[in-house]
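Chain by chain, the residues:
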Amino acid sequence: MEATIEFFKKIIENLNGFGFPFLVFFIGVLEFSFGLYKGKWPKNERWVDISCFVLPRLVVQPAVAYFSLKFLPFIFPDVKNVFDWVPFFWGFAIIAVADDLTQYWYHRLHHQIPWLWRFHRTHHSASYMGMAMASRQNVIYTIFFSQIYLTAALVYLGLGIPAIAVRIIKSTITTLAHSSIPWDKPLYQYKVLHPLAWVLERLISTPATHHAHHAATTDDGVGHYKGNFGNMFFLWDIIFGTGLISRQYPKAYGISHYDGDQWTAQLLWPIFKSKVEGSELAANGPVVRVDNDYEALARREQKKQAEVIAPEPEPVPSFSHS
Amino acid sequence: MKMDKATKSQIARNAALSLFLYILPIALMFISFLITGQRPWEKKIHHKENAKSSTNKNSQNNGSND
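Residues numbered from 1 in each chain as written. Chains lettered and ligands numbered in written order. Predicted model: local features only at pLDDT ≥ 70, side-chain atom pairs only at ≥ 80, totals over all residues. Heavy atoms only, no water.

### Focus on the overall build of chain A
Threshold: The way it works is that DSSP assigns letters per residue, a run of H or I at least four long becomes a helix, a run of E at least two long becomes a strand, and they are numbered from the N terminus. Residue exposure (1.4 Å probe, protein chains only): buried if accessible area is under 20% of the type maximum, exposed if over 50%, otherwise partly exposed. We call two residues in contact whenever any of their non-hydrogen atoms come within 4.5 Å of each other. All accessible-area figures derive from a Shrake-Rupley calculation using a 1.4 Å probe, and residue coverage is judged against the displayed protein chains alone.
Counting its secondary structure elements, chain A contains 14 helices and zero strands. Taken from N to C terminus, the helices and strands of chain A fall in the order α-α-α-α-α-α-α-α-α-α-α-α-α-α. Counting the 322 residues in chain A, one finds 46% classified as buried. A separation of at least 24 residues holds for 69% of the contacts in chain A among residues at least 6 apart in sequence. Summed over all atoms, the accessible surface of chain A reaches about 17,700 Å², with 68% contributed by carbon and sulfur.

### Observations regarding the interface of chain B and chain A
The condition that has to hold: We define buried area as the total accessible area lost by two parts upon association, computed with a 1.4 Å probe and summed across both. A side-chain nitrogen of Lys or Arg and a carboxyl oxygen of Asp or Glu constitute a salt bridge if their distance falls within 4 Å. Side-chain atoms alone can form a polar contact between residues adjacent in sequence; in general such a contact is a pair of N or O atoms within 3.5 Å, and within protein one must be able to donate a hydrogen while the other accepts it. Each residue is assigned to one of three groups, with Ala, Val, Leu, Ile, Met, Phe, Trp, Tyr, Cys and Pro labelled nonpolar, Asp, Glu, Lys and Arg labelled charged, and all others, Gly among them, labelled polar.
Listed per partner, the contact involves 22 residues of chain B and 25 residues of chain A. Taken together, the two surfaces of chain B and chain A that pack against each other cover about 2,000 Å², and 74% of this comes from carbon and sulfur. The tally of links from chain B across to chain A stands at zero salt bridges. Here chain B and chain A share six residue pairs in polar contact (both at pLDDT 80 or more) between them. Mapped by element, the contributors of at least two residues to the side of chain B that touches chain A are helix H1 (5–36) and helix H2 (40–54) of chain B. Of the residues belonging to the side of chain B that touches chain A, the class tally is 15 nonpolar, five polar and two charged.

### Some words on unusual backbone geometry
All names here are of chain A. A cis amide bond links tryptophan 269 with the next residue in sequence, proline 270, at an omega value of 10 degrees. Mapped onto the elements of the fold, proline 270 is located in the loop between helix H13 (263–268) and helix H14 (294–309). Even without a glycine there, the phi angle at aspartate 219 is positive, about 60 degrees. The residue aspartate 219 is located in the loop between helix H11 (207–213) and helix H12 (235–240) in this model. For aspartate 219, a relative accessible area of 59% gives the class exposed. Residue asparagine 228 is not a glycine yet carries a positive backbone phi of 55 degrees. Along the chain, the position of asparagine 228 falls in the loop between H11 and H12. Classification of asparagine 228 by relative accessible area gives buried; the value is 1%.

### Notes on the packing of helix H3 (residues 88–112) of chain A against helix H7 (residues 146–157) of chain A
All names here are of chain A. Threshold: Angles run from 0 to 180 degrees between N-to-C directions of axes, and those axes are lines fitted to C-alpha atoms, restricted for helices to the stretch in contact. An angle below 35 degrees is treated as roughly parallel, one above 145 as roughly antiparallel, one from 65 to 115 as roughly perpendicular, and anything else as oblique. What makes a crossing left-handed is the near helix being turned counterclockwise from the far one by less than a right angle; a clockwise turn instead makes it right-handed.
Where H3 contacts H7, the two axes come as close as 10 Å, and the packing angle between them is 155 degrees. Here H3 lies roughly antiparallel to H7, going by the angle between them. When the axes of H3 and H7 are compared, the crossing they make is right-handed. When H3 is examined against H7, the residues Ile95, Ala98, Asp99, Thr102 and Gln103 are found in contact with a partner set consisting of Ser146, Gln147, Leu150 and Leu154.

### Here we look at the pattern of salt bridges
Residues and elements named next belong to chain A. Following the criterion strictly, the structure yields 10 salt bridges over all chains and no others. For the salt bridge of arginine 121 with glutamate 280, the shortest nitrogen-to-oxygen distance reads 2.5 Å. On the criterion of sequence distance, the pair formed by arginine 121 in helix H4 (residues 117–124) and glutamate 280 in the loop between H13 and H14 is long-range, its members being 159 residues apart. Just as arginine 121 is buried, glutamate 280 falls in that class too. With its nearest N and O atoms 3.0 Å apart, the salt bridge here joins lysine 226 to aspartate 219. What you see here is one network of salt bridges that share partners, running through Glu45, Asp49 and Arg136.

### Notes on the nonpolar core
Operational definition: Among buried residues, the Ala, Val, Leu, Ile, Met, Phe, Trp, Tyr and Cys ones that are joined through side-chain atoms within 4.5 Å form a nonpolar core.
Leu101, Tyr104, Trp236 and Phe240 of chain A together with Met29 of chain B are the most contacted members of the largest nonpolar core, which has 25 residues in total. For this core, the secondary structure elements donating two or more residues are H3, helix H8 (160–178) and H12 of chain A together with H1 of chain B. Not counting residues within four places of it along the chain, the set of residues in contact with tyrosine 104 of chain A comprises Phe229, Gly230, Asn231, Trp236, Asp237, Phe240 and Thr242 of chain A.

### What about the packing of aromatic side chains?
Selection criterion: Pairing of aromatic side chains here covers Phe, Tyr and the six-membered ring of Trp, requires ring centres within 6.5 Å, and sorts the geometry by plane angle: under 30 degrees stacked, over 60 edge-to-face, intermediate tilted.
One pass over the structure, following the stated rule, counts 19 aromatic pairs over all chains. An angle of 70 degrees between the planes, with centres 6.1 Å apart, marks the rings of tyrosine 104 of chain A and phenylalanine 229 of chain A as edge-to-face. Note that tyrosine 104 of chain A is positioned in helix H3 and phenylalanine 229 of chain A in the loop between H11 and H12, a separation of 125 residues in sequence. A relative accessible area of 0% places tyrosine 104 of chain A in the buried class. Since its relative accessible area comes to 0%, phenylalanine 229 of chain A is described here as buried. Within the aromatic cluster, the residues linked to one another by ring pairs are Trp85 of chain A together with Phe30, Phe33 and Trp41 of chain B.

Laid out in structure tokens, this is it:
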């Protein structure tokens, strides 16, 4: 029995070490082979995506893990493995709620508190969905991200195995929700799968609900960047009334007024500022910039074109009796 | 740019509900222990006691298992 437990422990540990980068790489290769980034991945965006993927894994996460392992025994020497009696099932349930609900709030507040928005803006500036942009975050957002600290603390408290199991499941769900491969589409196409779709889209993040969160528009029935904040569980959005389920995918992604801020500014704002005038990341830029109203712009453009084709008649002088 | 009042009050209401959600799995775990009569934390204490008695200072190998 002990040998079996050890075997599963080793599988979980290995999946935690190599599983996530492998999953991202595998799905990324599929996305590239389907040509999903064709013409959408210019040099500046490539630098943002690659630096945001590499820096946390090479610097932030190892540093946090190292200092946690040194710091925790020094500050709390008596609580090492204090919760190792908690059964795996309950440990998993407690951590899944604690981790994902905390991340829901971390994410939601970065959208709802104006001064926090610029730390999360980098994740939304990509005009495409997929593995390339899944890890795209400002470094400050990554440093204060709860999951790294929570996992380190839980490992110290003796809940390492359920913590890592949660992390693997969560990474898989969030990675697939960002993917440009809509794995959930068949669930909406075949009537027999509708009950399963109904449960899944309320329980976890799917490409449809998370893509809606990355839409360039909101309040149009599909795009919903003012909500759909859930990462692993979509259930939080259902409970708090911040969710929108449309079973459709947005036509355009990103930020309507994004104009290619330098990758250094996107990775390290406020240390580096954007040179794009009027950008939220520029030195004198607004905290939150109002969205470009595409529909109003399109209407204005149509009106202009109509005026060019059929010029308005010269006004006839009229005489007023007033 | 300031946050609007409706968003503020929604955050406050949802934060209160979140406290309940955080506690829920912990409470359910102890309720399940109460129903099944399980006391896994006691097993851990016994383990510790056993470990101590096998390596006490009176043993010939002076606490070492080598």
